[in-house]
Amino acid sequence: MSAIPPGAGPRSPSGTRRTGRAALVAAVCAALAAALTGCGGGEDPDAGTNGLGKLPPTKIESKAQAAARRAGTVHLSGNVVSQGRTYKLDMSLAKDGAKGELTTKAAAFQLLRVGDALYLKADASFWAGEKGGASGGAASKLDGKYVKVPAADPVYKRFSGFTDKDTLLAGLLGLHGKLTAGDRSDVDGVRTIRLTAAAGAGGTLDVSLDGTPYPLRLQRAGGAGVLRLDDWGKRVDLKAPASGQVVDYGSKIGKG
């Protein structure tokens, strides 16, 4: 009888078990390959996003600023500290104007700009309190009316910046100091990546990881306010108030 060649006999049970386990592990790894980085890797935080999280911080900032410039409109709300004054903003901004409300410690008033025409609507105490402002009788006539402010008037220069989308955002969105990025968060359910400047001292900016990389939340440097930015690209209905609601107070406003 001829000898049986080596390895031609039946496989041992232990060898069968080892082969079966290896096949099972391979099958599990293949099934999870789409969700895991290799067999045993972690979840990809950028899966399903616009890919912004894979970019350097300076590139993220420039893309957010470019998206803000391209958008026709935005709704801006929150607090801003400017020249020692704290303003609470609730403004809808467009390329050709804006509307909304500003609130200070002393007063609240509405702002409306249609093209170059700027209107303020406030109560009598606001106008009486302006430097060199209206007398009691004149202020009462302005109460609740839209006051058209001349372009050369100090009041126009003081408040028109709050109605200029490009100027306002350019001044707000620049962070100060070395940028880092990586923290993931969300703003109203929208996934974001956070830019941090100078270890937080230069401000933080949350940028959308979903769709267009719009800036969604800004914490300004030095405690100078926190702002939310939303409704990007949504229509803002701007029209001049009815003539019966307008007072053209001329150059008397803010003089003195």
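Preceding this section is the structure that the text describes.
Residues numbered from 1 in each chain as written. Predicted model: local features only at pLDDT ≥ 70, side-chain atom pairs only at ≥ 80, totals over all residues. Heavy atoms only, no water.

Chemist: Looking at this structure, I do not really get the packing of aromatic side chains. What am I missing?
Modeler: Aromatic rings in a pair are described by how distant their centres are and how their planes are angled relative to each other. Inspection of every chain in the model, using the stated rule, returns 3 aromatic pairs. Taken together, a centroid distance of 5.0 Å and an interplanar angle of 50 degrees make the contact between Tyr-87 and Phe-162 tilted. Highlighted residues: Tyr-87 in strand β2 (residues 85-94) and Phe-162 in the loop between α5 (154-159) and α6 (165-172), separated in sequence by 75 residues. The burial state of Tyr-87 is the same as that of Phe-162; both residues are buried. Between the aromatic rings of Tyr-214 and Trp-232, the centroid separation amounts to 4.8 Å while the plane-to-plane angle is 5 degrees, which identifies the pairing as stacked. Taken as a pair, Tyr-214 in the loop between β9 (204-208) and β10 (215-219) and Trp-232 in the loop between β11 (226-230) and β12 (246-248) lie far apart in primary sequence, 18 residues in all. (Phe/Tyr/Trp six-rings, centres within 6.5 Å; stacked < 30°, edge-to-face > 60°. Helix = DSSP H or I, 4+ residues; strand = E, 2+ residues; numbered from the N terminus. Buried < 20%, exposed > 50% of the residue type's maximum accessible area, 1.4 Å probe, protein only.)

Chemist: Sorry if this is basic, but what is going on with the sheet that holds strand β3 (residues 97-103) here?
Modeler: Within a sheet, adjacent strands bond to each other through the backbone by hydrogen bonds, running parallel or antiparallel. Within the open sheet, the 12 strands sit side by side as β7-β8-β9-β10-β11-β1-β2-β3-β4-β5-β6-β12. Their pairing is mixed. Two strands lie at the open edges of the sheet, namely β7 (179-187) and β12, each paired on one side alone. In this sheet, neighbouring strand axes are inclined to one another by 20 degrees on average, regardless of whether the strands run parallel or antiparallel. Across 4 bridges, β9 lies against β10 in antiparallel orientation. Paired with Val-207 across the two strands is Pro-215, which belongs to β10. Against the sheet, helix α2 (residues 57-70) contacts β7, β8 (190-197), β9 and β10, and its axis sits at roughly 55 degrees relative to β7. (Pairing = 2+ DSSP bridges. Axes fitted to C-alpha atoms, helices over the stretch in contact; angles between N-to-C directions. Contact = heavy atoms within 4.5 Å.)

Chemist: Just checking my understanding: could you explain the side chain of Asp-206 for this structure?
Modeler: Along the chain, Asp-206 turns up in strand β9. Here Thr-192 takes part through its side chain, which lies 3.3 Å from a polar atom of the side chain of Asp-206. Leaving out residues up to four positions away in the same chain, Asp-206 has contacts with Ser-185, Val-187, Thr-192, Ile-193, Arg-194, Tyr-214, Pro-215, Leu-216 and Arg-217. (Polar contact = N/O pair within 3.5 Å; in protein donor to acceptor, adjacent residues only side chain to side chain.)

In short, the description is geometric, and any link to function would need to be established separately.
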